[in-house]
Amino acid sequence: MTIGNNPPKKERKSKRIKPVDENAPLLPKRQEDVGFDEFNGASFTGAVFNLSTTIVGAGIMALPATMKVLGLVLGVALIIFMAFLTEASIELLLRFSRAGKSASYGGLMGDAFGKTGRILLQVAVLINNIGVLIVYMIIIGDVLSGTSSSGAHHAGVLEGWFGEHWWNARAFVLLITTLFVFSPLACFKRIDSLSYTSALSVALAVVFLVITVGITIVKLLNGSIAMPRLMPDVTDLTSFWKLFTTVPVLVTAFICHYNVHSIDNELEDSTQIKPVVRTALALCSSVYIMTSIFGFLLFGDATLDDVLANFDMDLRIPYSSLLNDAVRVSYAAHLMLVFPIVFFPLRLNLDGLLFPSARPFHQANMRFALITIGLIATIFLGANFIPSIWDAFQFTGATAAVCLGFIFPASLTLRDRHNIATKRDKILCVFMIVLAVFSNAVAIYSDAYALIKRNPSHRE
């Protein structure tokens, strides 16, 4: 993917002219480069919505299940800790981007580690974003068509309204959603074009949260909710190792690093990127904490990996069925609108990986269309064959997500090509790498051990 230098903008506040690495992925074109006119830069509010939408995706649905493992006190503490660690890693990325005059995450990795670093970044984004988008489709399928867990079937919205029919079967519903929702939204070539859908998606997430909180408060007042577990239930070594299986889920919940440069490049005032990041992280952390607490309060130890699937039962309050449907439909619609935000850097990275020296992406409509169709088809197939969002989170969170969020930023800092890292930075980065490698290695081991116990080999 060949990217030319960006001409300076007129009447842009504090906007630097960023030299661009020709092989850098994750770099959206500025508006005049892609053939749009009169684009004066993205607003602070639009940038916050786009970054918040990147963060608050499907990860929020698995957070109540992490409370079931960790308990409320430790679970909430880890959400706050992860938010601060995410802010620190993004700050490092931005600081080294300024020093190296890199306008993309890929350019920054290429500057520090050469072609190998750039390719590693691209591959990590592909694995992470494909996994996340597969999770989105799985959840939408669960909501609309239902799911089965531990031998129990949880009816979907369409099944509850109309009964079982071929046209509301999971595969067909996902096919229609892919053709008429995901595909049109995936056709935008500039991320700021999605700011209005991002604002709507955040509003839908808030609707989901408000209804969940309201239901929980009503049930608390009528005394139908038991006291939740505050601390993890550790009875043996296996239950201790199981605590680490929540780490990939928490990591995935905060991964937004691959879109930070894209949003920064389109900001009207580039000095606003740090406040944008902090505002988005504060907003999303608040939503995460409230969803985790009230979701776990509402369902307790019966909380499923995808908490939306719990909203198919009689909640024993007035208008239970209506509220259940409102919760599920609002969040399914939220995920449909989040899809293009995560798809944007995925497509750009795959193009940079496969065609590093080709003409600019926006000028090659056939290439743009083929990559878009190929990726959407892959995600659709994955959503129909992967059974659980927990399985997908465990894989992407323990591999690509932890690299994007912590290992790569820490490695860039320790490499310190521009001699700007402080001793405190380097200590923090060593801590990030050790924590990421250890916790995710234990999580993978714990998952593998649990899988082996569920499927023992039969020997004579």
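The structure we're discussing is the one just above.
The text that follows walks through the structure, step by step, so that each part is easy to find. (Residues numbered from 1 in each chain as written. Predicted model: local features only at pLDDT ≥ 70, side-chain atom pairs only at ≥ 80, totals over all residues. Heavy atoms only, no water.)

Section: the overall build of the chain
Line of reasoning, step 1. Looking only at helices and strands, the chain has 15 helices and two strands in total.
Line of reasoning, step 2. For the chain, buried positions account for 57% of its 460 residues.
Line of reasoning, step 3. Across the chain, the fraction of contacts at a sequence separation of at least 24, relative to all contacts at a separation of at least 6, is 82%.
Line of reasoning, step 4. With an accessible surface of roughly 19,300 Å², the chain has 66% of that area assigned to carbon and sulfur atoms. (Helix = DSSP H or I, 4+ residues; strand = E, 2+ residues; numbered from the N terminus. Buried < 20%, exposed > 50% of the residue type's maximum accessible area, 1.4 Å probe, protein only. Contact = heavy atoms within 4.5 Å. Areas by Shrake-Rupley, 256 points an atom, 1.4 Å probe, with all protein chains shown as cover.)

Points about the packing of helix α7 (residues 195-221) against helix α12 (residues 320-354)
Line of reasoning, step 1. The interhelical angle for the contact between α7 and α12, taken along N-to-C directions, is 155°, at an axis separation of 8 Å. Here α7 is positioned roughly antiparallel relative to α12, judged by the angle of their axes. Taken as a pair, α7 and α12 cross one another with a handedness that is left-handed. Residues Thr-197, Ser-198, Leu-200, Ser-201, Val-202, Leu-204, Ala-205, Val-207, Phe-208, Ile-211, Thr-212 and Ile-215 of α7 pack against Leu-323, Ala-326, Val-327, Ser-330, Tyr-331, Ala-333, His-334, Leu-337, Val-338 and Ile-341 of α12.
Line of reasoning, step 2. Of the residues in the contact of α7 with α12, the class split is 16 nonpolar, six polar and no charged. (Axes fitted to C-alpha atoms, helices over the stretch in contact; angles between N-to-C directions. Parallel < 35°, antiparallel > 145°, perpendicular 65-115°, else oblique. Left-handed = near helix turned anticlockwise from the far one by under 90°. Nonpolar A, V, L, I, M, F, W, Y, C, P; charged D, E, K, R; others polar.)

Quick word on the nonpolar core
Line of reasoning, step 1. Counting 117 residues, the largest nonpolar core has Leu-51, Ile-55, Phe-254, Tyr-288, Tyr-331, Phe-343 and Phe-408 as the members making the most contacts within it.
Line of reasoning, step 2. With 19 residues, helix α4 (residues 105-145) is the largest single contributor of residues to this core. (Core = buried A, V, L, I, M, F, W, Y, C linked by side-chain atoms within 4.5 Å.)

Description of the layout of surface pockets
Over the atoms a probe the size of a water molecule is rolled, and this reveals where empty space is left.
Line of reasoning, step 1. In this model, the second largest pocket occupies a volume close to 270 Å³.
Line of reasoning, step 2. Lining the second largest pocket are 20 residues; nearest its centre among them are Leu-78, Phe-244, Val-247, Leu-435 and Ser-439.
Line of reasoning, step 3. Residue assignment for the lining of the second largest pocket shows that the elements contributing at least two residues are α3 (72-100), α9 (247-254), α14 (389-415) and α15 (423-454).
Line of reasoning, step 4. In terms of residue class, the lining of the second largest pocket is made up of 17 nonpolar, three polar and no charged. (1 Å grid on protein atoms, 1.4 Å probe; cavity = no way out; pocket = protein on both sides within 12 Å on 5 of 7 lines; lining within 4 Å. Points joined across faces, edges and corners; volume = space filled by probe spheres on them.)

Quick look at helix α10 (residues 257-266)
Line of reasoning, step 1. Judged by how many residues are buried, α10 sits mostly within the fold: ten of ten residues are covered.
Line of reasoning, step 2. Among all positions in α10, only His-257, Tyr-258, Asn-259, Val-260, His-261, Ser-262, Ile-263, Asp-264, Asn-265 and Glu-266 are buried.

What to know about the state of the cysteines
Line of reasoning, step 1. In the structure shown here, the tally under the stated rule is zero disulfides.
Line of reasoning, step 2. The structure places no disulfide on Cys-284, whose sulfur is separated from the nearest cysteine sulfur, that of Cys-256, by 7.9 Å. (Disulfide = S-S within 2.5 Å.)

With respect to the packing of α3 against α4
Line of reasoning, step 1. Two numbers describe how α3 lies on α4: the axes approach to 10 Å, and their chain directions differ by 65°. When the axis of α3 is compared with that of α4, the two are roughly perpendicular. In this structure, α3 crosses over α4, and the sense of that crossing is left-handed. For the pair formed by α3 and α4, the contact residues are Leu-93, Phe-96, Ser-97 and Gly-100 on the first element and Tyr-105, Leu-108 and Asp-111 on the second.
Line of reasoning, step 2. A per-class count over the contact of α3 with α4 returns four nonpolar, two polar and one charged.

A few points about the environment of Thr-252
Line of reasoning, step 1. By the element assignment, Thr-252 lies in helix α9.
Line of reasoning, step 2. Under the relative-accessibility criterion, Thr-252 is labelled buried at 8%.

A look at the pattern of salt bridges
Line of reasoning, step 1. Throughout the structure, instances matching the rule amount to eleven salt bridges.
Line of reasoning, step 2. Where Arg-170 meets Asp-142, a salt bridge forms, and the shortest distance between an N and an O atom there is 3.0 Å. Of this pair, Arg-170 sits in helix α6 (residues 170-185) while Asp-142 sits in helix α4, and the two are 28 residues apart along the sequence.
Line of reasoning, step 3. Overall, Arg-170 belongs to the partly exposed group, its relative accessible area being 22%.
Line of reasoning, step 4. Here Asp-142 falls in the buried class, since its relative accessible area comes to 9%. (Salt bridge = Lys/Arg side-chain N within 4 Å of Asp/Glu carboxyl O.)

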